Amino acid sequence: MERAADAPMDPLSELDHSRLQKALALAEHSIGLSEPNPRVGCIVGHADGRVIGQGWTREAGGPHAEVVALREAAAAGADTRGATAWVTLEPCAHHGRTPPCCDALLDAGITRVVIAVGDPFPQVAGAGIARLRAAGVGVDLLPADDPAAIAARELNIGFFSRVVRGRPWVRVKVAASLDGRTALPDGQSQWITDAEARADGHAWRKRAGAILTGVGTVLADDPRLDVRLVATTLQPLRVIVDSRLRSPARARILAEPGRALVATIAPQATPSAAALAAHGVELLHLQAQGDGRVELGALLRALASRGINELHVEAGSTLNGALHAGGWVDEWLLYLAPMLLGPGRDIARLPALASLSSAPRLRFVDLARVGEDLRLRARPTGREAFASPPARS
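Residues numbered from 1 in each chain as written. Predicted model: local features only at pLDDT ≥ 70, side-chain atom pairs only at ≥ 80, totals over all residues. Heavy atoms only, no water.

**Q** Give a detailed account of the nonpolar core, specifying residues and quantitative values.
**A** Core analysis: the biggest nonpolar cluster contains 39 residues, and Val44, Ile110 and Val113 have the highest contact counts within it. Contacts of Val44, omitting those with residues within four sequence positions, involve Arg50, Val51, Ile52, Gly53, Ala69, Leu70, Ala83, Thr84, Ala85, Trp86 and Ile110. (Core = buried A, V, L, I, M, F, W, Y, C linked by side-chain atoms within 4.5 Å. Buried < 20%, exposed > 50% of the residue type's maximum accessible area, 1.4 Å probe, protein only. Contact = heavy atoms within 4.5 Å.)

**Q** How would you explain the packing of aromatic side chains if you had to name every residue and give the values?
**A** Applying the stated rule across the entire model yields one aromatic pair. Judged by centre distance (6.4 Å) and plane angle (85°), the rings of Phe159 and Phe160 are edge-to-face. Residue Phe159 is classed as buried on the basis of its relative accessible area, which comes to 5%. When the ring centre of Trp86 is taken as origin, the NZ or CZ atom of Arg19, which lies over that ring, is 5.8 Å away. Note that Arg198 overlies the ring of Trp191, its terminal NZ or CZ placed 4.3 Å from the centroid. (Phe/Tyr/Trp six-rings, centres within 6.5 Å; stacked < 30°, edge-to-face > 60°. Lys NZ or Arg CZ within 6 Å of the ring centre and 35° of its normal.)

**Q** Outline the state of the cysteines, supporting the account with residue identities and numerical values.
**A** Across all of its chains, the model carries zero disulfides by this definition. With no disulfide of its own, Cys42 has Cys101 as its nearest cysteine by sulfur position, at a separation of 8.5 Å. (Disulfide = S-S within 2.5 Å.)

**Q** Give a detailed account of the sheet that holds strand 16 (residues 373–380), specifying residues and quantitative values.
**A** Strand order across the open sheet formed by nine strands is 11-10-9-8-12-6-13-16-15, with mixed pairing between neighbours. Both outer strands of the open sheet, strand 11 (282–285) and strand 15 (362–370), are each paired with one neighbouring strand and no more. Averaged over all pairs of adjacent strands, the angle between their axes in this sheet comes to 25°, without regard to strand direction. Strand direction decides the pairing type here: strand 13 (residues 331–337) and strand 16, joined by five bridges, are antiparallel. Bridge pairing links Trp332 to Ala378 in strand 16. (Pairing = 2+ DSSP bridges. Helix = DSSP H or I, 4+ residues; strand = E, 2+ residues; numbered from the N terminus. Axes fitted to C-alpha atoms, helices over the stretch in contact; angles between N-to-C directions.)

**Q** Mind laying out the pattern of salt bridges, listing which residues take part and the relevant values?
**A** Going through the model one piece at a time under the given rule, you end up with 25 salt bridges. Two residues, Asp330 and Arg165, come together in a salt bridge whose shortest N-O distance is 3.0 Å. Here the residue Asp330 occupies a position in the loop between helix 11 (317–325) and strand 13, and Arg165 occupies one in helix 6 (residues 157–165), the gap between them amounting to 165 residues. Overall, the relative accessible area of 0% leaves Asp330 in the buried class. A relative accessible area of 27% means that Arg165 is categorised as partly exposed. In this structure, Arg369 and Glu372 form a salt bridge, with 3.2 Å as the shortest nitrogen-oxygen distance. (Salt bridge = Lys/Arg side-chain N within 4 Å of Asp/Glu carboxyl O.)

Here it is as C-alpha cells:
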C-alpha cells in the first residue's frame, strides 16, 4: 500500500542502515570521477540480506549509480523483481545526458527504495520520489538529521552549494607553523608540513572541480597545483586570479595535465593575452571590483556555470584575505606543523579588529593527526544551512 508523502516513516532496519553505509562508501569512488555530477552509491538487494548489485556514479555522461548496480545484477543473472535499492541521493526523474534512473528502477521491478537525501537539482527536487511512489514503489527518505543523510550531503556539499546557492563550496587550504606562518619572510615554505600531510592535501585537491590561486603565488613559486600524490581520473581545472595578466605563458600551472583558466580584468587585445591564448590558455574577462581587481563573486558564479562544485584554494595571504573579506570562504583546511617560524608570511591578510567580540567565529568540524602534523577544518557558524533537503518529498 502506498504511503502518503507526509506520513511518518517506519523505523529503518539494521539492514537498511548497513546498506546505506555501504552505499556511502561506494559513493566515495565517484570522487575525482563524476564531476560535475553528484557522488552517488547504490546497493540493490533483497530483504533476506542478499546483495545482487552495487555501483557508483561514473564519469559525466556515463551511467549513474542505480544503473551500474542494476547492470551488475543483470550480468550475474540475478532477479531484481521485488528487490530494494538503497541509494545515497534521490534518483533522477528527468532526461539529461542519461535516461531517468527512476525508469531503470521501475523497469527492473524494484519495489522499495531507501534514499539518504533528496536531490536539490530543480529537475529532480522531489520529482524522483513522487515518480516512484506514483508507480507504487515504497520510498523511505531519511530525516535530515540522520547521520547517513548528513554524510550524503557532506559528500556532495559542493553539488548542493552550486545548485542551491549558485556558487561552488570554497575551501581554503593552508599549511602553517604553530605560530601561523606559511613561509619565512623571503618566501621559503618547502616544506613546512611532512609528506603525509602533503599527500592528504592532494586528496582534497582531488575532491575539487577547480583549484584557485593568485598570480602572486604563480610568480613566486611556479606551482603545478595538479593532483599527483593520489590517483585520480580527472584533473581539476586550475584557475589563476590575474587582474593585469602577469602570468608567464610557460608557467607550470598552465601546462598539462588538465586545463587552465586565467581570470582577469585586462583588455582582450593585449600581447599578454595573445601569448597566453597561443599556449592554449583560456582567458575569462570579468568586471573589476572597487579596488581594481577581479570581482571574486563574479568569478565564483562563472565557475558554478561551468559545473564546478568544490573550489579548492591554495593561495597567498592577499587572495585568502580577499576571499575572507568577501564572505566567500566556506571552509578552512589548515595543516599545522609542530614548528615555530617567528617572523614570516601570514595565513591571510586580515584587517585589525577593534575588539575581540568583533572577531568572526568559526566552528571546528574535523580535527585529525596526519603524520606528524595536525589537520584542522573549520567553517563559519551556520554555513551549512543551505544544504537542507528539498521540502517536497
